[in-house]
Every structure is written in structure tokens, then in C-alpha cells.
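# Tertiary structure, described
Take a look at the letters that make up each chain.
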Amino acid sequence: MVVTDEHSYDRTSELIAFDNTRAGVKGLVDAGVTKVPKIFYTPEDAYTKACPNDPEKTQLNIPVIDLDVISKDPVQRKEIVEKVRDASEVWGFFQVVNHGIPQSVLEEMLNGVRRFYEQDTEVKKQWYTRNTSKRVIHNSNFDLFRAASANWRDTTYCSMAPEPPSADELPEACRDILIEYAEQLKIVGRSLFELLSEALGLNPSYLNEIGCSEGLAVLYHYYPACPEPKLTLGASKHSDCDFLTVLLQDHIGGLQVLHKNYWIDVPPVSGALVVNVGELLQLISNDKFKSMAHRVLASRVGPRVSVACFFTTGHSLSSRVYGPIKELLSEDNPARYRETTVKDYAVHYDATGLGGKSALTAFRI
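The paragraphs below set out a description of the structure included in this document. (Residues numbered from 1 in each chain as written. Predicted model: local features only at pLDDT ≥ 70, side-chain atom pairs only at ≥ 80, totals over all residues. Heavy atoms only, no water.)

Of the residues making up helix 10 (residues 342–352), those classed as buried are Val342, Tyr345, Ala346 and Tyr349. Down the axis of helix 10, the smallest arc covering the buried residues is 100°, so these residues share one side. Against strand 7 (233–238), helix 9 (279–284), strand 14 (321–322) and strand 15 (340–341) lie the buried residues of helix 10. (Buried < 20%, exposed > 50% of the residue type's maximum accessible area, 1.4 Å probe, protein only. Helix = DSSP H or I, 4+ residues; strand = E, 2+ residues; numbered from the N terminus. Arc of directions from axis to C-beta. Contact = heavy atoms within 4.5 Å.)

The next point concerns the sheet that holds strand 13 (residues 304–311). One open sheet accounts for eight strands, arranged 2-3-11-8-13-6-5-4; its pairing is mixed. Pairing within the sheet leaves two strands with one partner each, and these edge strands are strand 2 (64–66) and strand 4 (136–139). The mean inter-strand angle of the sheet, taken between neighbouring strand axes irrespective of direction, is 20°. Strands strand 4, strand 5 (154–161), strand 6 (216–223), strand 8 (244–249), strand 11 (273–277) and strand 13 of the sheet are contacted by helix 5 (residues 103–117), whose axis makes an angle of about 110° with strand 13. Where helix 7 (residues 175–199) meets the sheet, its contacts fall on strand 3 (93–97), strand 5, strand 6, strand 8, strand 11 and strand 13, and the angle it forms with strand 13 comes to roughly 55°. (Pairing = 2+ DSSP bridges. Axes fitted to C-alpha atoms, helices over the stretch in contact; angles between N-to-C directions.)

The next subject is helix 1 (residues 11–21). Where helix 1 is concerned, the buried positions are Arg11, Leu15, Phe18 and Asp19. Buried residues of helix 1 fall within an arc of 95° about the axis and therefore sit on the same side. Looking at the buried residues of helix 1, the elements they touch are helix 2 (24–30). Positive backbone phi, at 55°, marks Arg22, one or two positions downstream of helix 1.

Let us look at the pairing of strand 10 (residues 262–265). Pairing analysis gives four bridges linking strand 9 (residues 255–259) to strand 10, with the strands arranged antiparallel. Counted as the bridge partner of Gln256 is Asp265 from strand 10. Turn length for the strand 9-strand 10 hairpin, with the two strands adjacent in sequence and antiparallel, is two residues, and the turn residue Lys260 shows positive phi of about 55°.

Burial within strand 13 is extensive, with eight of its eight residues counted as buried. The alternating pattern of strand 13 places Arg304, Ser306, Ala308 and Phe310 and Val305, Val307, Cys309 and Phe311 on opposite faces, both of which are buried. Pairing of strand 6 with strand 13 involves seven bridges; the strand directions are antiparallel. What sits directly across from Tyr223, in strand 13, is Arg304. Note: strand 8 against strand 13, six bridges, orientation antiparallel.

For the coordinates displayed, the defined rule picks out 14 salt bridges. The partner of Glu228 in a salt bridge is Lys35, and the shortest N-O contact between them spans 3.8 Å. On the criterion of sequence distance, the pair formed by Glu228 in the loop between strand 6 and strand 7 and Lys35 in the loop between helix 2 and strand 1 (48–49) is long-range, its members being 193 residues apart. One salt bridge connects Glu89 with Lys288, and the closest N-O pair in it is separated by 2.7 Å. Of this pair, Glu89 sits in helix 4 (residues 74–90) while Lys288 sits in the loop between helix 9 and strand 12 (294–297); the two residues are 199 residues apart in sequence, bridging distant segments of the chain. (Salt bridge = Lys/Arg side-chain N within 4 Å of Asp/Glu carboxyl O.)

With that settled, the discussion passes to the environment of Tyr262. Looking at the element boundaries, Tyr262 is found in strand 10. Separated by 74 residues in the primary sequence, Tyr262 and Arg336 have C-alpha atoms spaced 26 Å apart.

Everything listed here is a matter of coordinates, which is why it stays silent on function.
Structure follows, in C-alpha cells:
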């Protein structure tokens, strides 16, 4: 990755020209680009990837947790809760298998993403917008005009809860599977919030009852093959502006989590979902659970597709206020964050953009 001299070209004009194509990064690749445009150049990262020759670092893998027995055996459920607690405190990430969503549904969801992005560009353009009030928002880089560098990625955002769109409001290419996947993901999400509640020493229903699983935004990403992957990223270093993220990724890989100042690969596991703690969950847990930075590498191999489900009410007008959970506080563990609505937090996060410092810092007491 490199730093470009921002005075050597008109960055704003190039950003506007790219956005005006409404064809995204895929449009560049379809046009046959062999060089990465400067707007995508990414500064060198301060952290390094774990060295493959360092045995201590190569043993670092995010936990994979089998959920098959959570409703069958109380003793084994307790063991799973402990694994979820450890993973949420140490990594902020874990993968889950036997989560209840059939492999056929996972595969069809990924195929639906490919169908959407690989249809005729003119059809896709009807969804291309930067109007955040829309139920479906397709564009390249939500923070294109704010971030230090653009990412080699196109994204479509669909708000699926608390007020799901009607079927005809969703793109035809992935409409049916998107509705089915979102419904199944809500069930998985509620189960995960029960485990996380128990991991905090609370009643299993606590996080669901305060609305953590109320909102669901589905973002499906398309990372085209990149001709010069060392110059850019698929997604810049960031943590997520939600309570919890559940990610479905394909077989290509490229996701990395920052752990002890090293970038650690999150390898694709067949049938698994990747779960990570969002900033709002770190806030209400008063730093017990950690929302860790992560990124996606660009690659010559592609396209990579993924589906990220964010449990958050986002920009909806909910007046519910969130702060550190009172039951977790004590004289020795006072509140570390001020209270906020989800919308106010989301507005601050979006204004910051990816690649900057965590939005959490602005809410610290």
C-alpha cells in the first residue's frame, strides 16, 4: 500500500467522475482497468500481518463455536456461554457452526448477491443512490467523499427490520432469498443475544428485551478482482456501528481482525457464520466485550462476495437511549461512556467514515 501526493491530481473531481458512472468498482473492472486509480490508494498500515514463520502467531485463530447443543443440554450450554464470553472479551470475534440456517440457504444467498452485481449495469443503476433515507441503497463506498481512500468494493444496503420493506421494494435478482435469509438470521441473532446476555451474567432475555435485536440491516458486498491489490484494500480498518454483526463470507477469504497489534486471517469455514461485537455492544457492556478493528484485503482473485447483517436500528427515529448496563456497574467499575440513541451514534459514525479512529472515543466519559 502506498501514499499518493494528494496535490498531484484533482481528487475531488476524480471521486465525482467515478460516482457519476453509477457503475461502481465492478464498472472499472468491466471496462478493463489494469491500474488502480489513485482515489483507491491506501496509506501503509501501522500494523503487520502475523508472520507465517512465527509459531506463536500462527497458532492464533478466532474461536469456532458449535451451537448444536444450546437448547439440548444445560451443562453444554454453559460451556458454550463461557466460550462466547471468552471470545467476546479477547477477540471480539468468533465463528459459529450448526446455527440452524441450512447450507442451501447460505449458498443461495451468496448466489443472489452474485446475480445482483452481475446483472446489466443499467438495471443496477436504478438502485444506485446516496440518499440514506432509502430502504435499499446501492453504491460504492458509503463514505466515498469523506474517507481518506476509497475501497475496492461495491455495497448494497437493505433495511430489513424493524419495518421490513415490501417484496417489490427489493431488487428482483435476490429478492426471495434476501427475505428468507433475513428471517432466518433474526432467529440466529436472538439466540446469540441470549448467549451474550448470559455471558454478561444477565437474564438470557436481557439484550433482546432492551432492543438489541430489534433492527436488522443487510449489507451485501462485491469485491471484484483487483489488478494491483497491494495498493488498496477491500475494506479499510474499522469496527462496526451496531450491537452485533453476523457475516456470511464465500470461500475466497481476505477478512482480517486486529489482535494484539497483528492482523490475523479469519479463514472461511464451510457452513459457518462470522460473529463480531459491535461498538454499541462494547458501550453497553462497559468495555467487557470488545469491538475489534478488522479489514478486508484486496485480491487478484475474485470476485469475493459476502453478506454482513448488522443488528441495529441505524438511522430510524427510535428515542430509546443506551448507556452502560446498570447491573454491570459498581464503585470499582463506573460507567465509561455517556448515553446515546442509536441514531445519534450512527450519524457520528457515518461522519467519521472508515479508516479513522473508533467512533466510541467520542462517547467516552
